Amino acid sequence: MRRLGLRARVSAGFAVGALLLSASMALVSYELTRRSLLDERERTAVRAAYFDAAVVRTGLDTEEPDVVEVLRSLDTGGNRRPLLHCGDDWYARTADAGLTAAIPADLQQLVQTGKPAVQRVRVNGQPTLLVGLPLAPSTSYYELTSLRELDQTLRVLALALTAVAIVVAGSGAALGWYATRHSLRPLTAVADAAQEIAAGNFSARLAATTDPDLTRLSTSFNHMVDQLSQRIARDRRFAADVSHELRSPLQTLSAAASVLARRREHLDERTATAAGLVADEITRFQQLVNDLIQLARSDQPVDRAPVDVAALARRACHARGLADTLVRTDRGAAPTWLVDERRVEQILANLVDNALRHGGGPVAVRLSRRGGTGVIEVEDGGPGVPPGDRDIIFDRFVRGRAAHSRAGGDGTGLGLAIVAEHAAAHRGRASAGARPGGGARFRVELPGALP
């Protein structure tokens, strides 16, 4: 499962915090309001019940009282319903309709002992407040007050508080998103600058800021980039200087090796074999020096111009004795790309050489277009690149491991490192994969390469 980004997590934290706070306030407000309304309604119902009980007591204090008429004389409105329990009989103003069944037995016993009682019950599914008052040793008065309107009021209040909690949570999320947008802006600037530096633009720097909390960040970052660019420049100068210094003795050795090669028929077999090995190693050493010089020059700016990449690919194949038919251009891919001709020519040469040395020779050099990106793919029929080496084979520091995994074992890292450097200079990337049917497929993507 993909982890949420920092901005999303901060916004979610704001939303959760706002939701918890608003929910807590809503619960407290609801409970306080509920208790206040219920207490007020209970006090009102108890006062009304005592008043009505006094009227009933007065009406029953006659020689031949009419209990039903006495109950009908009460002004109870539509929310209160009186009941009278006299002896073993129940009296009401209208039909019972389940009122007596709603009176708990425990409450009846408590009232019969001479103690008033109050309890909330449900009558026909509706919340009701029951007040029981003793009138005489065998007479009890009960009054049921409907709480339906209060219950509806509390429901509306609960919905309103829930809506407020949701709105507050949404507002918290929006506030968090807005706050992180501004608070993470310095990190975005750092990420953009780091991306520029990774692409080879060592002139990228963080802009000066007036925020004292961010001044140290920008100053330290810029100082780090300065030190890094200076160190890389020193390394490139060192590689270039060493490579140039090696050219002269290598030329001398090459001339001596050519003399030995011309006189090979006059040498014994072992000496001729040794001379051939020396000549081959000198040639490989010269290629290595040339690669080092190219790598030292890879920090130069990209000089984009319209280039016929298909013609470059055919030239690279022809120079190595390969058929031009290996170069295949996808239908719809423009042959002319807006790239640095020197760098792309080096990319094609190194990939083809890599296929010749370690992949049994290239089987295809494909040029295609993916949106605004030009794609170069060189396929070979060799043993392929193991999955564990595909992410590191373009790293110049793993020459031994990457090269040893492929046929030949005499090094591919530097030549492929130059490919990666040239691709990065175009803000592209290089990757290795498997070719369908066996072998390796080396892929170079050059964004913005097509007009």
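Residues numbered from 1 in each chain as written. Predicted model: local features only at pLDDT ≥ 70, side-chain atom pairs only at ≥ 80, totals over all residues. Heavy atoms only, no water.

Caption draft 1: Up close: the overall build of the chain. A tally of regular secondary structure across the chain gives 11 helices and 12 strands. A buried classification covers 36% of the 451 residues belonging to the chain. Look at the contacts in the chain between residues 6 or more apart in sequence, and 64% of them connect residues 24 or more apart. (Helix = DSSP H or I, 4+ residues; strand = E, 2+ residues; numbered from the N terminus. Buried < 20%, exposed > 50% of the residue type's maximum accessible area, 1.4 Å probe, protein only. Contact = heavy atoms within 4.5 Å.)

Caption draft 2: The pairing of strand E11 (residues 429-434), seen in detail. Bridging between E11 and strand E12 (residues 440-447) involves 6 bridges; their strand directions are antiparallel. Within the sheet, the bridge partner assigned to Arg429 lies in E12 and is Glu445. Between the end of E11 and the start of E12, which pair antiparallel, lie 5 residues, with Gly437 showing a positive phi angle near 95°. (Pairing = 2+ DSSP bridges.)

Caption draft 3: How the structure looks around the packing of helix H8 (residues 309-319) against helix H9 (residues 341-358). Contact geometry for H8 and H9: axes closest at 9 Å, N-to-C directions at 45°. Viewed along their axes, H8 and H9 adopt a mutual orientation that is oblique. The element H8 and its partner H9 pack so that their crossing is right-handed. Residues Val309, Leu312, Ala313, Arg315 and Ala316 of H8 touch H9, and the partners they reach there are Glu341, Val344, Glu345 and Leu348. Of the residues that constitute the contact of H8 with H9, the class distribution is 6 nonpolar, no polar and 3 charged. (Axes fitted to C-alpha atoms, helices over the stretch in contact; angles between N-to-C directions. Parallel < 35°, antiparallel > 145°, perpendicular 65-115°, else oblique. Left-handed = near helix turned anticlockwise from the far one by under 90°. Nonpolar A, V, L, I, M, F, W, Y, C, P; charged D, E, K, R; others polar.)

Caption draft 4: Inspection of the pattern of salt bridges at higher detail. Across all of its chains, the model carries 17 salt bridges by this definition. A salt bridge links Arg80 to Asp52, with the shortest nitrogen-to-oxygen separation between them at 3.1 Å. Separated by 28 residues along the polypeptide, Arg80 in strand E1 (residues 80-86) and Asp52 in helix H1 (residues 6-60) bring together distant segments of the chain. Across the pair Glu143 and Arg80 runs a salt bridge whose closest N-O atoms are separated by 3.0 Å. Remark: Arg80 occurs in strand E1 and Glu143 occurs in strand E5 (residues 139-146); sequence separation between them is 63 residues. Taking the relative accessible area as the measure of exposure, Glu143 reaches 1% and is therefore buried. The class for Arg80 is buried, based on a relative accessible area of 18%. Connected through salt bridges with shared partners, the residues Arg366, Glu379, Arg435 and Arg441 form a single ionic network. (Salt bridge = Lys/Arg side-chain N within 4 Å of Asp/Glu carboxyl O.)

Caption draft 5: Seen up close, the packing of aromatic side chains. The final tally for this structure, using the stated rule, is 2 aromatic pairs. With a centroid separation of 5.5 Å and 40° between ring planes, the pair formed by Trp90 and Tyr142 is classed as tilted. Taken together, the residues Trp90 in strand E2 (residues 89-92) and Tyr142 in strand E5 connect sequence positions 52 residues apart. We classify Tyr142 as buried; its relative accessible area is 0%. An angle of 80° between the planes, with centres 6.1 Å apart, marks the rings of Phe394 and Phe442 as edge-to-face. In this pair, Phe394 sits in the loop between strand E10 (373-380) and helix H10 (399-404) while Phe442 sits in strand E12, placing the two residues 48 residues apart along the sequence. Overall, the relative accessible area of 1% leaves Phe442 in the buried class. (Phe/Tyr/Trp six-rings, centres within 6.5 Å; stacked < 30°, edge-to-face > 60°.)

Caption draft 6: Seen up close, the sheet that holds E2. Pairing is antiparallel in the open sheet, where 5 strands are placed in the order E2-E1-E5-E4-E3. The sheet is open, and its two edges are formed by E2 and strand E3 (117-123), each paired on a single side. Averaged over all pairs of adjacent strands, the angle between their axes in this sheet comes to 25°, without regard to strand direction. Direction of pairing for E1 relative to E5: antiparallel, over a ladder of 7 bridges. What sits directly across from Pro82, in E5, is Glu143.

Take it as geometry only, folks, not as evidence of what the structure does.
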